[in-house]
Amino acid sequence: MQPPFTLALGGIFILLAAANSYLMLRRSLDSSPAARAWRVRAHRFIGYLFILLYCTMTYFMVLRLKGLSDELSPRILLHASLALILFPLLVAKVVVARYYKGQTATLRILGSLIAGISFLLVIMSVGAYLLRSASSASVAGALSVAVITVFAAALVALLWRRPRSANANPAPTLVRQAAPGRNSVVLHLARVERQTHDAKTLRFMVPQEHRISFRPGQFLTFNWFIGGQTVPRCYSICSSPTQTGYIEITPKQAAKGYVSVFLNQKASVGLTVEASQPAGQFCFDEKEHRRIVMIAGGSGITPFLSMLRYMEDRCLSTEVTLLYFVRTRNDIIFETDLNVLQARLHRFHLLTVLSDPDPQWLGLTGHLTRELIEVNVDDVFSATFFVCGPPGMMKAARELLESMKVNPARIKQESFAVVPAPVPAVSSPVIEMARVEFARSKQTRMASSSATLLETAEASGIQMPYGCRQGQCGTCVTKLIAGQVQMDAEDGLTAAQKAQGYILPCVSHAKGDVKIDA
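This section reports on the structure supplied with the text. Model, not experiment: these values are computed from the prediction.

Attention now moves to the packing of aromatic side chains. Scanning the entire structure with this criterion turns up ten aromatic pairs. Pairing Phe 222 with Trp 224 gives two aromatic rings, centres 5.1 Å apart and planes at 20°, and the pair type is stacked. Their ring planes at 50° and their centres at 5.8 Å tell us that Phe 282 and Phe 304 sit as a pair that is tilted. Of this pair, Phe 282 sits in the loop between strand E6 (272-276) and strand E7 (291-297) while Phe 304 is found in helix H7 (residues 302-314), placing the two residues 22 residues apart along the sequence. Judged by its relative accessible area of 2%, Phe 282 falls in the buried class. Site record: aromatic cluster; members linked through ring pairs are Phe 204, Phe 222, Trp 224 and Tyr 235. It is Arg 203 that lies over the ring of Tyr 246; its NZ or CZ is 3.8 Å from the centre. The ring of Tyr 502 has Lys 479 sitting right over it, with the charged end atom 5.4 Å from the ring centre.

Structure representation (structure tokens):
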């Protein structure tokens, strides 16, 4: 090949490698699903174009080496070795990109190595040619000055224009700087993305020294400090567990939602909040759940997005049917994300059902019915059903599934409605009094059997962590040292916690004198 043509090919070779590496680095910074999808397609196209160019150049290199009768020089030998080393790196990157999409760190490393070796390959050949043909007399002085000026200006721009920190904006005045407590971590809001007219996705950066490990479908309990008081709320995580650098939640604004209104109207980049460790039994397990049916209502889609993103990142072959119920087309949360996931997950079947459709809507309408499940779910007896949404919808879904003879153990549901825990009906109207001892606080108080231990603690001025107040989230889990209690619900406890004598004070009623570790 002639020198000018070699120069052009070498320049294109380096530019393709650098562009591919840049797209990989930028992909994790995009909050918009459309932008992420565009970068993935561009990364794939440029990658295969680079491989085609590499194969072409390697072919001509082999032809040139084949025609040499003399012993290879050290420079040519090193050049050929680097070209051969590039081959397994390219194969490894293609395999990781196709079958292990969640290994973004590995892709970044491979991309950087390929870009570096590509630069060395080109500079070893083109650089030698340029140095041999260089002459100070053939270059105008003005051109030399211009080149030096451009490089100097670029260096100054890099030093002067640094990327803005995610915490550059001050926290809102209604929120104070959170301080970490026991088994908690302080998160920093780095990005806010509008999903619908009443829902936003908030991305919180996780400190490197306090990485959060969670299962797809779990939630966090946040202690929001608003208007001079701490307000705990539970929110499902909608990001994938494979993304360890950040956590995403998507609160939907409720008409009288104190926290949800604040998060949708006033939360901005820089806000800090204290969050407890992940909790909840509403989890997807790839070893146990081979066929699942997701039934989501409104913002109940959030834990399911975490599960679906996890399946994509891990390239799982789980068979998934999602029945997503919303009022109107404008209420569809994660519409773009769900469409992208449907295109990538070959065994993912998405059905969006509107209860108040517009005339242009051509999809399903109405509510959850037996016919809808029978038509779209092949075998209801072998599938595991995950239900998340408004309490009324979940109650109706459970009753419908049980009427279809679905094993109750295969029906999982999630809810964070903050309502008083129901007190079981008793045959006698007599309210018994019990002595409750709080060992850690060194306080003792008489309490009625109708009051929960959490309510008794609050009446005594004892601070206990809590979230849902329904026995679902497990935030208030406490050790029962002595005595017996009656719990209205036990979903927030693991089997190990039950065996070790832990209780949920938010739904626990004393049966006689008790002593708890609080």
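Still more to cover.
A word on helix H10 (residues 391-403). Relative to the 18 Å expected for 13 residues at 1.5 Å per residue, H10 spans 18 Å between its end C-alpha atoms, a close match to the ideal helical length. All of the buried residues along H10 are Met 393, Met 394, Ala 397, Leu 400 and Leu 401. On an axial view of H10, the arc spanned by its buried residues comes to 130°, and they lie on one face. Opposite the buried face of H10, by more than 90 degrees, sit the exposed residues Gly 392 and Lys 395. With its phi angle positive at about 70°, Lys 405 sits one or two positions after the end of H10.

The next thing to look at is the environment of Ser 268. Residue placement: Ser 268 occurs in the loop between helix H6 (258-265) and E6. C-alpha separation for the pair Ser 268 and Leu 202, spaced 66 residues apart in sequence, amounts to 9.0 Å.

A cluster of nonpolar side chains, contributed by Phe 87, Val 91, Val 95, Tyr 99 and Tyr 100, occupies part of the molecular surface with about 500 Å² of accessible area. Among the structural elements, Tyr 100 can be located in the loop between helix H3 (74-99) and helix H4 (104-133). According to the relative accessible area criterion, Tyr 100 is partly exposed, its value standing at 49%.

A separate point is the sheet that holds strand E4 (residues 229-236). Strand order in this open sheet of six strands is E4-E3-E6-E1-E2-E5, and the pairing throughout is antiparallel. Two strands lie at the open edges of the sheet, namely E4 and strand E5 (246-249), each paired on one side alone. Within the sheet, the average angular offset between the axes of one strand and its neighbour, ignoring direction, is 35°. Two strands pair when backbone bridges link them, and strand E1 (residues 184-196) and E6 are joined in this way by five bridges, in the antiparallel orientation. Pairing of His 188 across the sheet is with Thr 272, part of E6. Packed onto the sheet, H6 meets E1, strand E2 (199-205), strand E3 (219-226) and E4 and runs at close to 80° relative to E4.

The next subject is the sheet that holds strand E17 (residues 502-503). Strand order in the open sheet formed by five strands is E14-E13-E19-E15-E17, with mixed pairing between adjacent strands. Where the open sheet ends on each side, the last strands, each with one partner, are strand E14 (443-448) and E17. In this structure, strand E13 (residues 433-438) lies alongside strand E19 (residues 514-516), joined through three bridges in parallel fashion. Within E19, the residue paired with Val 436 across the bridge is Val 514.

Okay, the nonpolar core next. The biggest cluster of nonpolar side chains holds 30 residues, and the ones touching the most others in it are Phe 304, Leu 308 and Leu 322. It is H7 that provides the largest number of residues to this core, a total of six residues. In this view, Leu 322 contacts Met 294, Ala 296, Ile 301, Phe 304, Leu 308, Leu 338, Phe 348, His 349, Leu 350 and Leu 351; residues no more than four positions away in its chain are not counted. Grouped together as the second largest cluster of nonpolar side chains are 28 residues, Phe 13, Phe 50, Tyr 54 and Ile 117 included.

Cut-offs used in this document
Residues numbered from 1 in each chain as written. Predicted model: local features only at pLDDT ≥ 70, side-chain atom pairs only at ≥ 80, totals over all residues. Heavy atoms only, no water. Phe/Tyr/Trp six-rings, centres within 6.5 Å; stacked < 30°, edge-to-face > 60°. Helix = DSSP H or I, 4+ residues; strand = E, 2+ residues; numbered from the N terminus. Buried < 20%, exposed > 50% of the residue type's maximum accessible area, 1.4 Å probe, protein only. Lys NZ or Arg CZ within 6 Å of the ring centre and 35° of its normal. Expected span 1.5 Å × (residues − 1). Arc of directions from axis to C-beta. Patch = residues over 30% accessible without salt bridge, like charges linked within 9 Å, V, L, I, M, F, W, Y side chains within 5 Å. Areas by Shrake-Rupley, 256 points an atom, 1.4 Å probe, with all protein chains shown as cover. Salt bridge = Lys/Arg side-chain N within 4 Å of Asp/Glu carboxyl O. Pairing = 2+ DSSP bridges. Axes fitted to C-alpha atoms, helices over the stretch in contact; angles between N-to-C directions. Contact = heavy atoms within 4.5 Å. Core = buried A, V, L, I, M, F, W, Y, C linked by side-chain atoms within 4.5 Å.

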